[in-house]
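Secondary and tertiary structure notes
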Amino acid sequence: MMNIDELILTKKFSELSISEKELVLTEMSEEAYNSLQYAIQIKRKEVIVLNPDLKSGLMADFKNRQASPKTSAWNRLLYFLFPAEKQFVFRPGVQLAFASLVLILGGAWLVQSGVLSSKNELVVAKVEEIPSYITENSLKKAEASEKSIAPDTNLTPSSLEQKALEPSILPIENKELASDADKAFDEVTIIDAEAVEMEDQIFSTNTLSAGFAVRSMDKDLPESSSSVTVADEPGLLDLLSATY
Amino acid sequence: MGVFRSNYTQKSDENLMELIINGDDRAFGELYDRYAQAMFNYFHRMLWKDREKAEDFVHDLFTKIVNRPDMFDVKKKFKTWFYSIANNMCKNEYKKQQVRSNTYNGLDESYNVRSSQRGADQKADDQLISEEIDKALSQLEEKHKQVFELRYFDQLSMKEIADIIEISEGTVKSRLFYATKKLASELEDLKVLIGG
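Residues numbered from 1 in each chain as written. Chains lettered and ligands numbered in written order. Predicted model: local features only at pLDDT ≥ 70, side-chain atom pairs only at ≥ 80, totals over all residues. Heavy atoms only, no water.

Further remarks concern the overall build of chain A. Across its full length, chain A holds 12 helices and four strands. By the burial criterion, 20% of the 244 residues in chain A qualify as buried. Contacts spanning at least 24 positions in sequence make up 40% of the contacts within chain A whose residues lie at least 6 apart. Surface summary for chain A: the accessible area is close to 18,000 Å², and the carbon and sulfur share equals 59%. (Helix = DSSP H or I, 4+ residues; strand = E, 2+ residues; numbered from the N terminus. Buried < 20%, exposed > 50% of the residue type's maximum accessible area, 1.4 Å probe, protein only. Contact = heavy atoms within 4.5 Å. Areas by Shrake-Rupley, 256 points an atom, 1.4 Å probe, with all protein chains shown as cover.)

This brings us to the interface of chain A and chain B. Across the contact, 33 residues belong to chain A and 45 residues belong to chain B. Taking both sides of the interface into account, the surface hidden between chain A and chain B amounts to around 3,800 Å²; carbon and sulfur atoms contribute 66%. Between Arg151 of chain B and Asp5 of chain A there is a salt bridge, with its nearest N and O atoms 2.6 Å apart. For the interface between chain A and chain B, the tally reads 11 residue pairs in polar contact (both at pLDDT 80 or more). Broken down by secondary-structure element, the contributors of at least two residues to the side of chain A that touches chain B are helix H1 (4-10), helix H3 (30-45) and helix H4 (53-67) of chain A. (Buried area = accessible area lost by both parts, 1.4 Å probe. Salt bridge = Lys/Arg side-chain N within 4 Å of Asp/Glu carboxyl O. Polar contact = N/O pair within 3.5 Å; in protein donor to acceptor, adjacent residues only side chain to side chain.)

Here the focus is the nonpolar core. Residue and element names in this part refer to chain B. Formed by 77 residues in total, the largest nonpolar core has its most connected members in Met39, Phe43, Phe62 and Ile65. With 11 residues, the top contributor of residues to this core is helix H3 (residues 25-46). Excluding its chain neighbours within four sequence positions, the residues that come into contact with Ile65 are Met17, Ile20, Phe28, Leu31, Phe78, Trp81 and Phe82. (Core = buried A, V, L, I, M, F, W, Y, C linked by side-chain atoms within 4.5 Å.)

What follows deals with H3 of chain B. Residue and element names in this part refer to chain B. Its 22 residues place the ends of H3 29 Å apart at the C-alpha level, agreeing with the 32 Å of an ideal helix rising 1.5 Å per residue. By the criterion of burial, H3 is predominantly enclosed, with 16 of the 22 residues buried. By the N-cap criterion, in which a side-chain oxygen at the helix start approaches the backbone nitrogen of a residue two or three places on, H3 is capped by Asp24, the distance to Arg26 being 3.0 Å. Where H3 ends, the next residue or the one after it, Trp48, has phi of about 55°, a positive value. (Expected span 1.5 Å × (residues − 1).)

For the rest of this paragraph, the subject is the side chain of Asp13 of chain B. Residue and element names in this part refer to chain B. Relative to the helices and strands, Asp13 resides in helix H2 (residues 13-21). At 2.6 Å, the side chain of Asp13 forms a polar contact with the side chain of Arg34. Of note is the side chain of Asp13, whose polar atom sits 2.3 Å from the side chain of Tyr35. Not counting residues within four places of it along the chain, the set of residues in contact with Asp13 comprises Leu31, Arg34, Tyr35 and Phe78.

With that settled, the discussion passes to unusual backbone geometry. Trans peptide bonds make up most of the peptide bonds, and negative phi angles are found at most residues other than glycine. Residue and element names in this part refer to chain B. A positive phi angle is found at Trp48, which is not glycine, with a value near 55°. For Trp48, the location among the structural elements is in the loop between H3 and helix H4 (51-67). Residue Lys49 is not a glycine yet carries a positive backbone phi of 55°.

When the terminal C-alpha atoms of helix H7 (residues 125-138) of chain B are compared, their 20 Å separation across 14 residues agrees well with the 20 Å that a helix rising 1.5 Å per residue should span. Buried within H7 of chain B are the following residues: Ile129, Ser130, Glu131, Ile133, Asp134, Ala136, Leu137 and Ser138 of chain B.

This brings us to the pattern of salt bridges. A side chain of one charge can pair with a side chain of the opposite charge when the charged atoms of the two come close. For the coordinates displayed, the defined rule picks out 18 salt bridges over all chains. Between Lys55 of chain A and Asp33 of chain B there is a salt bridge, with the nearest N and O atoms lying 2.8 Å from each other. Of the two residues, Lys55 of chain A sits in helix H4 while Asp33 of chain B sits in helix H3, which places them in two different chains. Residue classification places Asp33 of chain B among the partly exposed positions, given a relative accessible area of 47%. Across the pair Glu55 of chain B and Arg51 of chain B runs a salt bridge, and its minimum N-O distance is 3.7 Å. One end of the pair, Glu55 of chain B, and the other, Arg51 of chain B, are both in helix H4, four residues apart, so they sit about a helical turn from each other. Look at Glu55 of chain B and you get buried, because its relative accessible area is 15%. For Arg51 of chain B, a relative accessible area of 37% corresponds to the partly exposed category. Members of the salt-bridge network, linked through shared partners, are Arg45, Lys145, Glu149 and Asp154 of chain B.

Turning to the confidence of the model for chain B, a few remarks are in order. Mean pLDDT over chain B works out to 82, with 82% of the residues at or above the 70 mark. Predicted complex, confidence summary: ipTM 0.75, pTM 0.53. (pLDDT = per-residue confidence, 0-100.)

See below:
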């Protein structure tokens, strides 16, 4: 069975079947049905003629549109970003470009300042982390070490050092070796630290004898051992070890 | 030529749209012939019987097809899609009007102006009936009026109306039932004019 709206659109009241009439009469009177149906027909018959030029204009637009090269997706994107009818600054592409530029510059600035500040913060945090007693101790130690290991600013050899360096003090038996001394000493290797021996008399006499053996990196040169005896003076051992 | 013409008239709206997407201007002409007047009536009704505005809207509506025929999904029903666009255009216009003035229902104003303009000059019964139904419609809520007009004046099915205004079919039925009953009672007195 049809709904009332379908009946109104298709049948007059007199054309309705009994069941259809019963259906309609549950909702409205016969007069109301006829009036409504008639009013709807009147409204539908109302013809407001559309301007015929509208069609010709649209057809011309359509033909022009088709005559222009088919817009690819890329062209459409370009048109969307840079529509000709909009002012330059209002074109989405231009606005996007400006926004991107601002973001890039702003981002770079933020990163730069962020890195610097984080480094500074890190240093400050590290310094803050060091307990004060450690820094105080460090300072004290530094002061003490400055005092105990004072650098020898006076580099001129003392008289004792000059005496120790004199060739006469170092008896060199092998004159051939002596002639190659520069070369030999450039390549000399102390083969045994124990080769340096302290004579007993170091503590009982005023002289100090020390034995040593050297072997050149040049295998043509023979291994040589020797000893040196010098007058015992404070700091002489340091001098000797430094010399050899 | 006549053969081609008849071919176009027999094509479905959806087939015509496929042809339009491929640049067929005759298909566009055929589609225009099918819908232009109906859409004009629709806009005329919806936009406070403003003829010029209705024509502009028809132009804009078809321009959408001219510019972007590919917006239409050929798998969908053209009529529903087309009315949906028209309906949205009207909604946007209502919003614009609402911004311009707080009087949302411009129909009342328009109707009053028109009825006063017409006055005693238009005494034909049909015109009176037409005005009466307009008056009765204007007393309905917009949602009821819209469903009533789409069903009786545009002769759209319940399903199509539901799709266009994006409500359920059941809601369409209930709104239509209410509007029909209300208008029937309002127009009952017209029996004298129609000889009922």
